[in-house]
Structure formats: C-alpha cells, structure tokens
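Observations on the model geometry
Each chain, written out:
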Amino acid sequence: GAGVSQSPRYKVAKRGQDVALRCDPISGHVSLFWYQQALGQGPEFLTYFQNEAQLDKSGLPSDRFFAERPEGSVSTLKIQRTQQEDSAVYLCASTTVDPSGLYNEQFFGPGTRLTVL
Amino acid sequence: GQQVMQIPQYQHVQEGEDFTTYCNSSTTLSNIQWYKQRPGGHPVFLIQLVKSGEVKKQKRLTFQFGEAKKNSSLHITATQTTDVGTYFCAGLFGGFKTIFGAGTRLFVKA
C-alpha cells in the first residue's frame, strides 16, 4: 500500500505568514509523530498523536505551533506568524503499537521543506 | 533533560573498511531504534532493540544494546558505497517521545 505522504513538499513563506503542513499516514496506523529537522541535525520531536488524541506536545517550540488530527487519520501542523528560525524540514511519521505497548518501526514521509524569508 | 548523544559526527572510510557509530544516554532507555537517512531522503527504519545486552545482525550490520540499556552501537563490516548516508539512533525513554541522536554521517570512498 501507499506510504506516508506529506504536502506540500516545499513551502516558501514570508516572515509573519501562517502555514499549514499536511500529513497522510499509512492507513490503520494509530500513532502519528511530527518532527522538525534542521540541516545537519537529527529529527527533533514535536508532538505525538494516538488516534485523534494529542498525548504529547512537549516538543512544540512555541504557542505559534499547533497540530491536530481531528478524525484520527490525516494530521495538520500549523505554524502561525512564521519566523526565520522556523525554516527546517518537517517530518511526519506513523506507526503501530504492539500489545506490549512498544512502538514498532516509524514510517516517515518525505517531509515538507519550509523556508521562511 | 532526556538526551541521546551520538558519535562520531562524521566518518570517512575507504570501501571495504569497517564503520561503527555509538549512542549514549544518561538515563535508561526502554528501547532504541536505528534509522538510515540518505542525502535528500527521509529516515528509514533499520532495527529496534529492546532487551538488555541484545545483539542483532542484518547482513553486514551488527546492532548492540548495552547491558544497562544506556548505550547502543551500529557496526558495519566491509563498507560499500551503498552504505553512504547518515545513521541515527532514536531512544525511547518510556512514554511517547522519541529522542534522536544527531547522527553519524558516513562517507565511503571507492
């Protein structure tokens, strides 16, 4: 089946604009993660959903960042009043959880490269 | 805070040489995952280690999880040009947050 998809793949925003990044996880995957990856760095955790519930949002850098997954499938990461430091690749990953509660492999989407001018 | 330190940052090898990257955490991990990211690509899952002292092999790749579940390593035997990329460890401390190391970028010269 299809993997994780993200759109848009590239986004250029002027400082102060709002942006919305979309993630379509693998069908049936209850767990969904958002990460921010700066150039030359590892993915940095932003937030986690289990179905429609946002169980951890401790990685969101500021209150300008907001994520939702209203129907437990597609997720949107919204960044308000973008700043230059928000420029990064935003990765979405989905996975299943085994009966012991441990995550299985995370399947990553191709990412959205956000450039804030 | 929860951190996963990964070394080295870069590694240049001649094709056929071995390569090892190391991850360390100051606190006990519930499990650790390893990912590979090719230039311009996204992370792709390699393996998950759960048990103390666990060792897993995938062809030329050997993964180890320390006895105290605070460190892990990935060893590649006889590197090939197809091994080029950045290798990340990702630690889970319980709960939902996954903490990635900064990665080790592997360059292989033919």
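**Points about the pairing of strand β7 (residues 61–65) of chain B**
Residues and elements named next belong to chain B. With four of five residues buried, β7 is to be regarded as a mostly interior element. Where strand β6 (residues 55–58) lies against β7, four bridges are found, and the strand directions are antiparallel. If you follow Val55 over to β7, its bridge partner there is Gln64. In this structure, the hairpin formed by β6 and β7 is closed by a connection of two residues, where Lys59 is found at a positive phi of approximately 55 degrees. As paired elements, β7 and strand β8 (residues 71–76) share five bridges and run antiparallel to each other. Counterpart to Phe63 in the pairing with β8 is Leu74.

**Considerations on the pairing of strand β6 (residues 53–56) of chain A**
Residue and element names in this part refer to chain A. Relative to β6, strand β5 (residues 44–50) runs antiparallel, the two being bridged by three bridges. Within the sheet, the bridge partner assigned to Gln50 lies in β6 and is Ala53. The turn joining β5 and β6, which pair antiparallel and follow one another in sequence, is formed by two residues; a positive phi near 55 degrees is taken by Asn51.

**Focus on the interface of chain B and chain A**
Taken together, the 18 residues of chain B in the interface contact 21 residues of chain A. Both sides together, the interface formed by chain B and chain A hides about 1600 Å², and carbon and sulfur atoms give 59% of it. Inspection of the chain B/chain A interface yields four residue pairs in polar contact (both at pLDDT 80 or more). Where the side of chain B that touches chain A is concerned, the elements lending two or more residues are β4 (31–37), β5 (44–49), β9 (85–92) and β10 (98–100) of chain B. Here the side of chain B that touches chain A gets four residues from one element, more than from any other, and that element is β4(B). Here the side of chain B that touches chain A is built from residues that sort into nine nonpolar, eight polar and one charged.

**A few points about the environment of Gly53(B)**
Residue and element names in this part refer to chain B. Counting through the fold element by element, Gly53 comes out in the loop between β5 and β6. Residue classification places Gly53 among the partly exposed residues on the basis of a relative accessible area of 28%. Residue contacts for Gly53: discarding those within four places in its chain leaves Phe65, Gly66 and Glu67.

**Considering the nonpolar core**
Of all hydrophobic cores here, the largest spans 21 residues; its most connected members are Trp34(B) and Phe63(B). Put simply, the parts of the chain that give this core at least two residues each are β3 (19–25), β4, β5, β7, β8, β9 and β11 (104–109) of chain B. Those residues in contact with Phe63(B), other than ones at most four positions away along the chain, are Trp34(B), Leu46(B), Ile47(B), Leu49(B), Glu54(B), Val55(B), Lys56(B), Gln58(B), Ser73(B) and Leu74(B). Ile26(A), Leu32(A), Phe49(A) and Tyr90(A) belong to the second-largest nonpolar core, a separate cluster that totals 20 residues.

**A few points about the sheet that holds strand β7 (residues 65–68) of chain A**
Residue and element names in this part refer to chain A. Strand order in the open sheet formed by four strands is β1-β3-β8-β7, with antiparallel pairing between adjacent strands. Strands at the two margins of the open sheet, each flanked by one partner only, are β1 (5–7) and β7. Looking at each pair of strands side by side, their axes are set apart by 15 degrees on average, direction ignored. Here four bridges tie β7 to strand β8 (residues 75–79), and the two strands are oriented antiparallel to one another.

**What about the sheet that holds β6(B)?**
Residues and elements named next belong to chain B. In space, the five strands of this open sheet follow the order β1-β3-β8-β7-β6, with antiparallel pairing throughout. Both edges of this open sheet fall to β1 (4–7) and β6, since each of them pairs with a single strand only. Across this sheet, the average inter-strand angle for adjacent strands is 15 degrees, counted without regard to direction. Across six bridges, β3 lies against β8 in antiparallel orientation. By the bridge assignment, Asn24 is partnered in β8 with Asn71.

Quick notes on the rules
- Starting from 1, residues in each chain are numbered consecutively following that chain's sequence as written.
- Throughout, the order in which chains and ligands are written sets their labels, letters from A for the former and numbers from 1 for the latter.
- pLDDT decides what is reported in this predicted model: residues at 70 or higher carry local features, side-chain atom pairs at 80 or more are listed and counted, and totals for whole chains, interfaces and linings draw on all residues regardless.
- Neither water nor hydrogens contribute to the side-chain values; these are computed over all heavy atoms in the structure.
- Residue burial is assigned from relative accessible area. The probe radius is 1.4 Å, only protein chains are included, and a residue is buried under 20% of its type maximum, exposed over 50%, and partly exposed in between.
- Comment: elements are numbered from the N terminus, with helices defined as DSSP H or I runs of at least four residues and strands as E runs of at least two.
- Any two strands with at least two DSSP bridges between them are considered paired.
- Contacts are residue-level and defined by heavy atoms, with any inter-residue pair within 4.5 Å sufficient.
- What gets called buried area is simply the loss in accessible area from a 1.4 Å probe that two parts show on being joined, summed for both.
- Whenever a nitrogen or oxygen atom comes within 3.5 Å of another N or O atom, the pair is scored as a polar contact, on the condition that within protein one atom can donate a hydrogen and the other can accept it, and that pairs from neighbouring residues in sequence are kept only if both atoms are in side chains.
- Just so you know the grouping, Ala, Val, Leu, Ile, Met, Phe, Trp, Tyr, Cys and Pro go in nonpolar, Asp, Glu, Lys and Arg go in charged, and all remaining residues, Gly too, go in polar.
- As used in this record, nonpolar core signifies buried Ala, Val, Leu, Ile, Met, Phe, Trp, Tyr and Cys residues forming a set joined through side-chain atoms within 4.5 Å.
- Here, axes are lines fitted to C-alpha atoms. For helices the fit covers the stretch in contact, and angles between N-to-C directions go from 0 to 180 degrees.

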